[in-house]
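# Summary of structural features
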Amino acid sequence: MIKKYLFSENRGLRLSENFTLSEFVCADKNDEVLVSDELIALLQRVRDHFGKPVIITSAYRTASHNKKVGGTSKSYHLTGEAADFVVSGISPARVGYYLDKLGASGIGVYLSSGFVHLDVRSKGKWRGLISSGKEENLSEYFPTLYKGKRGNSVRLLQTLLNVDADGIFGNQTREAVKKYQRENDLDVDAYVGPLTWSALLDS
Ligand SMILES: [Zn+2]
C-alpha cells in the first residue's frame with residue numbers, strides 16, 4: 001500500500017526499525033511524500049540481512065524533480081514505490097542477488113555508479129544490469145558464463161573477481177574463475193553456473 005505523508009507534520013517519523021520518513025523526501029524538499037509499505041519492508045530485510053547501513057540516494061520524486069534527474073515518465077519513484085540505495089561496503093551485485101532471492105519485482109544493479117534500484121511494481125518483473133548507460137534485461141539474472149561470453153553480466157563477474165572489467169570473458173577471466181573455484185572447493189571447470197554465482201554472491 002502506498003501512503004501519503006506531509007513531512008512538516010511528521011518530522012522524525014520512523015517507518016521501520018532503521019528507516020525514517022526524512023530519507024524518502026524528494027530532493028526538491030517537496031512537503032508531500034509518497035512511500036510504499038512493501039518497499040520499506042524489503043529495505044528493512046536488506047538492512048537486517050547485511051547488517052550494514054542502507055543509504056538511500058533517491059526515493060520519492062515529484063514529477064518536476066524526476067524530469068530534472070532524467071527519470072523515465074513512468075518511473076516508480078513518482079509513486080513512492082522505488083528507492084535507489086547503497087549498502088555500505090557491499091557490492092550492488094550481492095544486494096541484487098539477495099533481492100532476487102526474495103522475489104522483489106523490480107531490481108536494477110548499476111555497476112559503474114555502484115547503486116541498486118529497487119521497486120515494488122505490481123505487474124511483471126524487471127531485472128536490469130546497467131553499466132555505462134547500457135542495459136541488459138536478462139531473462140535469468142545470473143546466466144551461465146564461460147569463455148567467449150560478453151556483456152554486462154561478464155562485467156559483473158569480473159568486478160566480483162577483481163579483474164579488469166572489460167565485459168569480455170577471455171583468458172584472464174577464465175584463469176580468475178578457475179582460481180576462485182579451486183580456492184572455494186568448487187568444480188574447476190571455468191563455467192560460471194548457479195553454484196559459482198552463489199558462492200560469489202551469497203554471504
Ligand atoms: Zn531508481
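So, a few notes on the structure that sits alongside this text. (Residues numbered from 1 in each chain as written. Predicted model: local features only at pLDDT ≥ 70, side-chain atom pairs only at ≥ 80, totals over all residues. Heavy atoms only, no water.)

This part covers the overall build of the protein chain. The number of helices and strands found in the protein chain is six helices and eight strands. Its helices and strands taken in sequence order, the protein chain reads β-β-α-β-α-β-α-β-β-β-β-α-α-α from the N to the C terminus. Considering only residue pairs separated by 6 or more positions, the protein chain has 50% of its internal contacts joining residues 24 or more positions apart. Per element, the accessible surface of the protein chain, about 10,500 Å² overall, is 48% carbon and sulfur. Between the averaged position of the 27 positive side-chain charges in the protein chain and that of its 24 negative side-chain charges there is a distance of 3 Å. (Helix = DSSP H or I, 4+ residues; strand = E, 2+ residues; numbered from the N terminus. Contact = heavy atoms within 4.5 Å. Areas by Shrake-Rupley, 256 points an atom, 1.4 Å probe, with all protein chains shown as cover. Lys, Arg positive; Asp, Glu negative; His and termini not counted. Charge placed at Lys NZ, Arg CZ, Asp CG, Glu CD.)

Moving on, we get to the environment of Thr144. With respect to the helices and strands, Thr144 occurs in the loop between strand S8 (134-137) and helix H4 (152-161). Each C-alpha atom of the pair Thr144 and Gly193 lies 4.5 Å from the other, and the pair is 49 residues apart in sequence.

On to the side chain of Thr62, then. Tracing the backbone shows Thr62 in the loop between strand S3 (54-58) and helix H2 (63-68). Aside from chain neighbours lying at most four places away, what touches Thr62 is Cys26, Asp28, Asn30 and Leu78.

Our next topic: the coordination of the zinc ion. On the protein side, the zinc ion has His77 (NE2), Asp84 (OD) and His117 (ND1) as donor atoms, found 2.0 to 2.1 Å from it. All donors of the zinc ion come from a single chain, and their spacing in sequence reads H-x6-D-x32-H. (Donors = N, O, S within 2.8 Å, 3.2 Å for Na, K, Ca; no water.)

In contact at an axis separation of 9 Å, helix H3 (residues 92-102) and helix H6 (residues 194-201) are set at 115 degrees when each is read in the N-to-C sense. When the axes of H3 and H6 are compared, the crossing they make is left-handed. Residue-level inspection shows Ala93, Arg94 and Tyr97 of H3 in contact with H6, the latter providing Ser198, Leu200 and Leu201. Residue classes in the contact of H3 with H6 are distributed as four nonpolar, one polar and one charged. (Axes fitted to C-alpha atoms, helices over the stretch in contact; angles between N-to-C directions. Left-handed = near helix turned anticlockwise from the far one by under 90°. Nonpolar A, V, L, I, M, F, W, Y, C, P; charged D, E, K, R; others polar.)

As a further point, take the pairing of strand S5 (residues 106-110). For S5, the tally of buried residues reaches four of five residues, placing the bulk of the element in the interior. In this structure, S5 lies alongside strand S6 (residues 115-119), joined through five bridges in antiparallel fashion. When the sheet's bridge partners are listed, Gly106 is paired in S6 with Asp119. Counting the residues between successive antiparallel strands, the hairpin from S5 to S6 contains four residues, one of them, Gly114, with a positive phi of roughly 75 degrees. (Buried < 20%, exposed > 50% of the residue type's maximum accessible area, 1.4 Å probe, protein only. Pairing = 2+ DSSP bridges.)

Let us now look at the packing of aromatic side chains. Enumeration over the complete set of coordinates arrives at six aromatic pairs. Ring centres of Tyr110 and Phe115 lie 4.3 Å apart, and the angle between their planes is 10 degrees; on these two criteria the pair is classed as stacked. Aromatic ring contacts, followed pair by pair, group Tyr97, Phe142 and Trp197 into a single cluster. (Phe/Tyr/Trp six-rings, centres within 6.5 Å; stacked < 30°, edge-to-face > 60°.)

Turning to the pattern of salt bridges, a few remarks are in order. Enumeration over the complete set of coordinates arrives at seven salt bridges. A salt bridge links Arg61 to Asp84; the shortest N-O distance between them is 3.2 Å. Of this pair, Arg61 sits in the loop between S3 and H2 while Asp84 sits in strand S4 (residues 82-87); the two residues are 23 residues apart in sequence, bridging distant segments of the chain. (Salt bridge = Lys/Arg side-chain N within 4 Å of Asp/Glu carboxyl O.)

Take H6 next. What H6 keeps buried is the set Thr196, Trp197, Ser198, Leu200 and Leu201. Residues of H6 that are buried in the fold lie against H3, H4 and helix H5 (171-183).

Scope: geometric values only; no functional claims are made or implied.
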